[in-house]
Amino acid sequence: MMSCYLLDTLERLHSHLARVYQIVQPLEDVGQSAPPLVSPKGYFFAEQENLFVFDGECFRETLPQPPPFVLFGVQSCDLTAIAYQDQFFARDPYYQARRQQALLVGIDCVTPCEHGFCASVDAGPGVKAGCADLILHARPEGGWMLMVCSDKGGEAIRGMELDQMDDTELRARDRRIDDCIAAFPDDSHLHRGIAAISQGRVPDQQWQQLGIQCLGCSGCTTLCPTCSCYGTRDLSEDQGDIRRQRFWDSCLYESFQREASQHNPSEEAGERVRRFWTHKFGDNFAKTFGRYGCVGCGRCEQTCPGVIGVHSVMRRIADYAPDDDV
Amino acid sequence: MVSQTTTTICPFCGVGCGLNLHTEDDRLISVTPQLDHPVSRGQLCSKGWSSAYGVDLRGRILHPLIRTPRGFRQASWDEALTTIGEALQQVLNEDGPMAVGIISSARATNEDNYAAQKLARAVLKTNNIDHCARICHSPTVAGLKQTLGSGAMTNSAADIFETDLIVVFGADPTENHAILGGHIMRAHLAGTKLIVVDPRRTRLAKLADMHLQLKPGSNIALINALIKTILDNHWQDSEYIEARCEGLVPLAAAVANAYDGVERTTGIDLETIREMARAYSKASRAMIFYGMGITQYVSGTNNVIALSNLALVCGQIGRPGTGINPLRGQNNVQGACDMGCLPNVYPGYQAVADLAARDKFSHAWKTALPEQPGLTSLGMSKAALDGSFRALILFGEDPVITDPDQNQERLALSKLDLLVVAELTMTDTARMADVVLPAASFAEKSGTFTNCERRVQHVRQALPPPGEARGDWQWLAAIARQLGSDQLDWSDSEAVFREMAALTPSYSAMSYPHIDEHCGLQWPCSAETPDGTAVLHSNSFPIGRARLIPVHPTEIDESADAEYPLLLTTNRLHFHYGCGSMTRKSPLLEREIPPGLLFINPADARDLGILHRAPVGVRSRRGYLETCAMVSEDLPPGLVSMPYHFREAPSNQLTNNAQDPVTKMPELKACAVAVEPLPPGRVPRSMDQLNAEQGGIER
């Protein structure tokens, strides 16, 4: 059972945490319903980073050494994505060097956002205990509930002298989250689309048609909080060193899987679009990660110039779902 | 660690998307779209997403460089400016102001462009000022100026969602203006009809209700047949023509025989022409977008006039969701034109030939101004070849890669006594310079860009210029000072803008704070329309009544023949921009496309024994290059296509320099070539290798 405290103002928590942690607040306003334009994945999986430097004789390590920092006010969709990425990068020292330094303070959403559907994919709107160290919940009567869900979280607020709150408050929180879930618009196209994808019922022709609309801009994969593909390159430095850099890649590029022989298993845009959505909603990936790769943030819908973000695609393929699976 | 976010405008195409630049300790670490931007609405194309790579320090020119017999050496600004000043002065003394000129940059800010034309006119005393609009939309400026009185997009990007029919004519917006192309896809999916007219099967053509796959160069034949169909069936908007146009009778007479041979000339059957004519004329609101497939022909200006005729007879100009809308290529090509970086006009298209305009600028700048009309960019090249043009200042442009007939262009530049190039990286043109100046990128300076819907937007500095790099108007001012003039001594970019706005009627009510307040202002923005203008020509045209001007089909200059049996056209790719000097710094975009490619129809490829991705040699009457073949159904048989982004295999090695008589626009969209397979496994030789082997032109 989480312990739950009454917090009068966010500033108080802020200033307490600031004694140990650098504060990073991705949201303009903690408590806004829309997620930030950019997911917080870049705080752990950097958009561009060095993997090592080779000086002709020795390889030098270039592990990042960030100071302890707190991501203050992260919504459930993005926290679910961080938990997903934690699995993917479990043995990645660069990711882990940053991740170990981070304290995650979640914020419950109590109103649906424009493109979001976290409730449909089990990723919100309330923050799940396993995804954050601390959770904030705005009380309609004023002040905040502060829930502690990890030892690290407990350690972080030690000495704050907060009043403990009882189960009634936690039940009221559950009710508000349930009300939020009920307020999301109809999501039957999502359920039908997911069924069509996970059961492989979408014909190639349909993917090809959607593929025409994929410009290969990389916007979806850049903003997607669970996308984790990267490329690498070796850069010559002025002093003769060679620096290996990795950078965010996108599986929607034709060259992503092109081989040195020029053979390409996914040369057609439609095949790449299918692969992207299979990664998000395929059963095999769900088995590996314990959940779907989509956390319902809706960023792809908003940023895709080709109108093949999640809602647009799901509406186009929903009819391929089996009739009994609604 | 100091993290900052700066809101600015994308440096690539004319759509003008909103960008956020995220910096950490003066390093650009990432780029994101602006959610609330009026045009881009939280979206970017692959180039925009990659713009951080485009300006990073790798390969940047950090100091002035001076040519020596052993290559370039680093120099101080003082030395570089002294060298430039002395050389300019010598040419001016010996041959006068017609021997010097400036090629300005459609990538630079309005402030930079205003400074460039002022340096030319008020200090060097020449109207030899031009920029790359010459090879993209000079026919638009010349054509629409004659028919409507204003050579710019008549409507706005947002109108895409307020129209019933979109006609995309000779343009490939999902590649070149991706966010607008995306808007067109979105509108089409929501029910707006879409007609694409293009020799290539573009992405939009694949999605469109109709695709008219006309033969290259047959635009006027098709448009005249459309107009004839409309008039024959009385589908025109007679009320509109009566009230707002003149010249219907001669136009009707000129198109009377437009069906003669039209199916053969255009490759489009009359039934399809009739169907398009009906759709366009009957639509309550129809919007035309067009691009280089209209302008880059010897008939470029007439092509624009023909499209304007079509829109006018149907009354499709002057309301939301209608209009004739050129898609401008560069982030600020509209602005560079507006600023008067053209040999015949001052800022705001005030004619050099008009005595009152000349007096106005002469009075404002307190100096006598040259009367003699200036040379175009290609005119300067031609004059360089005969020795009458000797000194050129050029920035933010790479004509060796992007102008037609590369070998002639190189030869012309090599003849100059002085070539000054200001650039971010060592382009092929910079390599030919006598003095290279380090320029600041869009992220390192402030100013304004004007996008293709005439929206003037604020560009904000996120980073200090690297090394000794300077903003363009600042080094232009330093050259002016070197020549003893304080004409360009402004305190900051805002002061440049203020001076310009006071002299440019369409910008007269604009200021930086006013622009910020409105997320950009669309010109005309004057006392009558202080918050700008979304739709031009609502009540009247700048010339009063619009002119319907009869134009007749002109054949392309060079058709395919026995020796050169295929027709080459040019196209652009979503992943690259211009000469590639910025986009090719992205490891992702560079990986995406091989350095040079030729699109060819499977039937032609089969006849020639060419396999997909196999090496090929391509020859025209002007040059030869090697590249790799992309076998694609998107090209019809007989037509091949190349992008111009790649210095290894530059299409301009092959293209034709035959020009539109009005604007000197070269015919980049059609020339005859021969394609041959190279031995399998052979790596195509780059242009540098071929030049070295054949003893090409070097300085």
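Residues numbered from 1 in each chain as written. Chains lettered and ligands numbered in written order. Predicted model: local features only at pLDDT ≥ 70, side-chain atom pairs only at ≥ 80, totals over all residues. Heavy atoms only, no water.

### Re helix H21 (residues 472-482) of chain B
All names here are of chain B. Cut-off, in case you're wondering: Buried means the residue's accessible area, taken with a 1.4 Å probe over protein chains only, is under 20% of the maximum for its type, while exposed means over 50%, and partly exposed covers the values in between. Helix and strand assignments come from DSSP, with helices taken as H or I runs of at least 4 residues and strands as E runs of at least 2, each series counted from the N terminus. By the convention used here, residues are in contact when the closest approach between their heavy atoms is within 4.5 Å.
Where burial is concerned, most of H21 is hidden: eight out of the eleven residues are buried. Buried within H21 are the following residues: Asp 472, Trp 473, Trp 475, Leu 476, Ala 477, Ala 478, Ile 479 and Ala 480. At its buried positions, H21 is contacted by helix H3 (77-95), helix H4 (110-123), strand S16 (391-395), strand S17 (418-423), strand S18 (435-438) and helix H22 (493-503).

### Regarding the domain arrangement of chain B
Residues and elements named next belong to chain B. The following threshold applies: Where each domain begins and ends follows an automated or database-derived domain assignment. Note: buried area is the sum, over both parts, of the accessible area (probe 1.4 Å) each one loses when the two are combined. A side-chain nitrogen of Lys or Arg and a carboxyl oxygen of Asp or Glu constitute a salt bridge if their distance falls within 4 Å. In protein, a polar contact means a hydrogen-donor-capable atom and an acceptor-capable atom, both N or O and within 3.5 Å, with residues adjacent in sequence counting only if both atoms are side-chain atoms; elsewhere, any N or O pair within 3.5 Å suffices.
Under the domain assignment, chain B is made up of domain 1 (3-54), domain 2 (65-134 + 332-522), domain 3 (154-327) and domain 4 (566-694). For domain 2 versus domain 4, the separation of C-alpha centres amounts to 31 Å. Of the residues lining the interface, 18 residues belong to domain 2; the matching set on domain 4 comes to 23 residues. Of the roughly 1800 Å² buried between domain 2 and domain 4, counting both surfaces, carbon and sulfur atoms make up 54%. In this structure, the connection of domain 2 to domain 4 is made through one salt bridge. Close ionic contact of Arg 647 with Asp 428 constitutes a salt bridge, the shortest N to O distance being 2.5 Å. At the boundary of domain 2 and domain 4, one finds nine residue pairs in polar contact (both at pLDDT 80 or more).

### Focus on the interface of chain A and chain B
The condition is simple: Only Asp, Glu, Lys and Arg are considered charged, only Ala, Val, Leu, Ile, Met, Phe, Trp, Tyr, Cys and Pro nonpolar, and every remaining residue, Gly among them, polar.
Listed by partner, the interface residues are 40 residues for chain A and 37 residues for chain B. Carbon and sulfur atoms make up 53% of the area that chain A and chain B hide from each other, which totals about 3100 Å². When residues of chain A are sorted by the area they lose upon contact with chain B, Ile 212, Leu 215 and Tyr 253 of chain A head the list and together hold 19% of the total. Here chain A is connected to chain B by three salt bridges. Between Arg 613 of chain B and Glu 254 of chain A there is a salt bridge, and its shortest N-O distance comes to 3.4 Å. For the pair chain A and chain B, the number of links is 19 residue pairs in polar contact (both at pLDDT 80 or more). Sorting the residues of the side of chain A that touches chain B by element identifies helix H7 (204-212), helix H8 (219-223), strand S10 (230-236), strand S11 (242-248) and helix H11 (299-303) of chain A as the ones contributing at least two each. Tallied by class, the residues present in the side of chain A that touches chain B amount to 15 nonpolar, 15 polar and ten charged.

### What about the pattern of salt bridges?
Residues and elements named next belong to chain B. Under the definition given, this model contains 52 salt bridges over all chains. The salt bridge involving Asp 561 is made with Arg 621; its shortest N-O contact spans 2.5 Å. Pair noted here: Asp 561 is in the loop between strand S22 (546-547) and strand S23 (566-571) and Arg 621 is in the loop between strand S25 (615-619) and strand S26 (624-631), with a separation of 60 residues, a long-range link. With relative accessibility at 40%, the residue Arg 621 sits in the partly exposed group. Three or more residues are tied together by salt bridges with common partners; here these are Arg 410, Asp 428, Arg 431, Arg 647 and Asp 688.

### Quick word on the confidence of the model for chain A
Put simply, the rule is: Each residue carries a pLDDT score, the predictor's own confidence in it, on a scale running from 0 to 100.
Confidence in the prediction of chain A, expressed as mean pLDDT, is 94, and 99% of residues score 70 or more. When the elements of chain A are averaged for pLDDT, helix H10 (residues 283-289) of chain A gives the smallest value, 90, and strand S6 (residues 102-107) of chain A the largest, 98.

### Some details on the packing of H7 of chain A against helix H12 (residues 310-317) of chain A
Residue and element names in this part refer to chain A. Heads up, the condition is: To get an axis, a line is fitted to the C-alpha atoms, and for a helix only the part in contact is used. The angle between two axes follows their N-to-C directions and goes from 0 to 180 degrees. Each crossing is labelled by how the near helix is turned from the far one, with a counterclockwise turn of less than a right angle marking it left-handed and a clockwise turn marking it right-handed.
Two elements in contact, H7 and H12, have axes whose closest approach is 11 Å; the angle formed by their N-to-C orientations is 145°. Considering only the axes of H7 and H12, their crossing is right-handed. Here H7 contributes Gln 206, Trp 207, Gln 209 and Leu 210 to the contact with H12, which in turn contributes Val 313, Arg 316 and Ile 317. Its residues assigned to classes, the contact of H7 with H12 shows four nonpolar, two polar and one charged.

### Considerations on the domain arrangement of chain A
All names here are of chain A. Annotation of chain A at the domain level lists domain 1 (3-186) and domain 2 (189-320). The C-alpha centroid of domain 2 is placed 26 Å from the C-alpha centroid of domain 1. In this complex, domain 1 contributes 40 residues to the contact, which on the side of domain 2 involves 40 residues. Summed over both sides, the interface of domain 1 with domain 2 buries roughly 3500 Å², with 57% coming from carbon and sulfur. Contact with domain 2 buries area across many residues of domain 1, yet Tyr 84, His 115 and Phe 117 alone supply 20% of it, more than any other trio. Among the salt bridges present, the one from Asp 78 reaches Arg 299, with a minimum N-O distance of 2.8 Å. Taken together, the links from domain 1 to domain 2 amount to 24 residue pairs in polar contact (both at pLDDT 80 or more). Among the secondary structure elements, those contributing two or more residues to the side of domain 1 that touches domain 2 are strand S3 (48-54), helix H2 (76-88) and helix H3 (93-99). Residues of the side of domain 1 that touches domain 2, tallied by class, amount to 21 nonpolar, ten polar and nine charged.

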